[in-house]
Amino acid sequence: MRRMLLALAALLVVPLLILAHPARADDPKDMEPPRPANGLALTPPMGWNTWNKFACEINEDVIRKAADALVSSGMAGAGYKYVVIDDCWHGARDAHGDMQPDPVRFPSGLKALGDYIHSKGLKFGIYSDAGKMTCGKRPGSLGHEYQDAAQYAAWGVDYLKYDWCYTGTLDAKAAYTLMSDALRASGRDIVFSMCEWGTAKPWLWAQTVGNLWRSTGDIYDGWQGKKDYSLGIMDILDLEADLYPYAGPGHWNDPDMLEVGNGGMTETEYRSHFSLWALLAAPLIAGNDLTSMSPATRAILTNAEVIAVDQDPLGAQGRRVAKQGELEVWARPLANGDRAVILLNRGAAPAKITVNWTDLGYPAKLPAKVRDLWLAKDQGTSKGGYTAEVAPHGVVMVTVRPAV
Ligand code: GAL
């Protein structure tokens, strides 16, 4: 009887013990095989995407004209290379399950469009979704991942943005890894842009899965505040603030595409938007109508010194190093030892903001040269720090270089 009770107890207790001690992740036999990065996007991708301006109102003419304007405006020369067709290019799958573009909007087909984009020295990007449908209710790639990746490669695609609508109970890591592998198997170098909105914290697991991952909901063309699922640029900035350790060459946090030139913010606010995205080592994907760009918009988007901060080869994402109410200092180290610094005034009145050298990891007594990147002007050598007056919703962006 005693033996039977002991056996019964063991039967009950052993499974509980097993449950309480699941296999350890650091047990070599349970570890995932090492996964190399795909070697692409060693600096944040730069380009243009249809969505922010045109949403679903796209066709091959819109894309061709954007490619033309990217070159003629000097944007391509400034580094913008990817022309990305976002949602709504899709028609239906054919009898073999191969995805076809909408025949009315893209009568020449996507191979021809890709050839046109390549003939201008640019790169071709496209959009799909890990679920049954895209957010615009076009066919998604679920169950067709390898087939779609091969199709994109045949069209000459260089960049895939992969969305997360209609994914039900899919596991994000598994779904994105599946498409990442399918892209690699396609035999073409395709930058993988994950658009999962940060829900499953991709910064923790996607370093060798994707080249960039959205870390927030959608941007809208405004300074601050939430509108349903969309966020103003200050809200996005706050969500990015703690993610700096996870970005680096080949794997970037993506605070969403640029709204510069779309009309919802002032020129000062657009300059702040662009400066902050550069400090965050964000992908610089313009989202305005390139064919009717104002000189002011063009000047913002093509500021070579600000772009150089974004594209710095060290790939260190900037972070907030000081904050006093609505006045903030953001900084990032650059490959040559300089620091890029933004003095940000979130308030409604002009204000003086100071960056202290000690906030940059420099000794207070270090003499350092300051250059203002929007004035394109050297501001002399200072010790201890640098102070500037900053317009409401504005930035002053400088580089600081030790002068010894
Ligand atoms: C959203 C995505 C946007 C855009 C849109 C298209 O999920 O965040 O950037 O791609 O879908 O429907």
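Shown above is the structure to which this text applies.
What counts and how
- Residues numbered from 1 in each chain as written.
- Predicted model: local features only at pLDDT ≥ 70, side-chain atom pairs only at ≥ 80, totals over all residues.
- Heavy atoms only, no water.
- Near = heavy atom within 4 Å.
- Polar contact = N/O pair within 3.5 Å; in protein donor to acceptor, adjacent residues only side chain to side chain.
- Areas by Shrake-Rupley, 256 points an atom, 1.4 Å probe, with all protein chains shown as cover.
- Nonpolar A, V, L, I, M, F, W, Y, C, P; charged D, E, K, R; others polar.
- Pairing = 2+ DSSP bridges.
- Helix = DSSP H or I, 4+ residues; strand = E, 2+ residues; numbered from the N terminus.
- Buried < 20%, exposed > 50% of the residue type's maximum accessible area, 1.4 Å probe, protein only.
- Contact = heavy atoms within 4.5 Å.
- Lys, Arg positive; Asp, Glu negative; His and termini not counted.
- Salt bridge = Lys/Arg side-chain N within 4 Å of Asp/Glu carboxyl O.
- Disulfide = S-S within 2.5 Å.

J.: Looking at this structure, I do not really get the site of the ligand. What am I missing?
T.: The ligand sits among Trp51, Asp86, Asp87, Tyr127, Cys135, Gly136, Lys161, Asp163, Cys195, Trp197, Arg214 and Asp218. At 2.8 Å, a side-chain N or O of Lys161 approaches an oxygen atom of the ligand. A distance of 3.0 Å is found between an oxygen atom of the ligand and a side-chain nitrogen or oxygen belonging to Arg214. When the ligand sits alone it has 310 Å² of accessible area, and the protein chains cover 95% of it. A breakdown of the residues in the shell around the ligand according to their chemical character gives five nonpolar, one polar and six charged.

J.: Is there a simple way to explain the sheet that holds strand β11 (residues 230–231) in this structure?
T.: In a beta sheet, neighbouring strands are held together by backbone hydrogen bonds and run either parallel or antiparallel to one another. With respect to topology, three strands assemble into an open sheet ordered β9-β11-β10, the strand pairing being mixed. Unpaired on one side and paired on the other, β9 (218–219) and β10 (226–227) mark the two borders of the sheet.

J.: How do you make sense of helix α8 (residues 233–240) when you look at a structure like this?
T.: Residue pairs three or four apart in sequence face the same way in an α-helix, which turns once every 3.6 residues. Counting buried positions along α8 yields six of eight residues, so the element is predominantly enclosed. For α8, the full list of buried residues reads Ile233, Met234, Asp235, Ile236, Leu237 and Glu240.

J.: Just checking my understanding: could you explain the environment of Gly394 for this structure?
T.: With respect to the helices and strands, Gly394 occurs in the loop between β20 (385–390) and β21 (395–402). Residue Gly394 is classed as buried on the basis of its relative accessible area of 2%. Considering only alpha carbons, one finds Gly394 and Leu344, 50 residues apart in sequence, at a separation of 6.1 Å. When near neighbours in sequence (up to four residues on either side) are disregarded, Gly394 contacts Thr268, Ser272, Leu343, Leu344 and Asn345.

J.: Any chance you could explain the side chain of Asp163 here in plain terms?
T.: Tracing the backbone shows Asp163 in strand β6 (residues 159–163). For the buried Asp163, no salt bridge is present, and the opposite-charge side chain at shortest range is Lys161, 5.7 Å distant.

J.: How should the pattern of salt bridges be read in this particular structure?
T.: Once the charged atoms of two side chains with opposite charge are near each other, the side chains can pair. One pass over the full model with this rule turns up 19 salt bridges. Of the charged contacts, one joins Glu328 and Arg346 as a salt bridge, the two residues approaching to 2.9 Å between their closest N and O atoms. Here Glu328, found in strand β15 (residues 327–333), pairs with Arg346, found in the loop between β16 (339–345) and β17 (351–356); they are 18 residues apart in sequence, far enough to count as distant. Of the residues examined, Glu328 reaches a relative accessible area of 0% and is grouped as buried. Among the ionic contacts, a cluster of salt bridges with common partners joins Asp238, Arg320, Lys323, Glu328 and Arg346.

J.: Looking at this model, I keep getting lost on the state of the cysteines. Mind explaining?
T.: Any covalent bond linking the sulfur atoms of two cysteines counts as a disulfide. On inspection of all chains with the given rule, the structure shows two disulfides. Shown here is the disulfide that connects Cys56 with Cys88, its sulfur atoms set 1.8 Å apart. With Cys56 in the loop between α2 (51–54) and α3 (60–72) and Cys88 in the loop between β2 (82–84) and β3 (90–93), the pair connects residues that are 32 residues apart, well separated along the chain. Taken individually, Cys56 and Cys88 each receive the classification buried, so the pair is uniform in this respect. Linked covalently through their sulfurs, Cys135 and Cys165 form a disulfide whose S-S length is 2.1 Å. Across the disulfide from Cys135 to Cys165, rotation about the S-S bond amounts to roughly 100 degrees, and the bridge is consequently right-handed.

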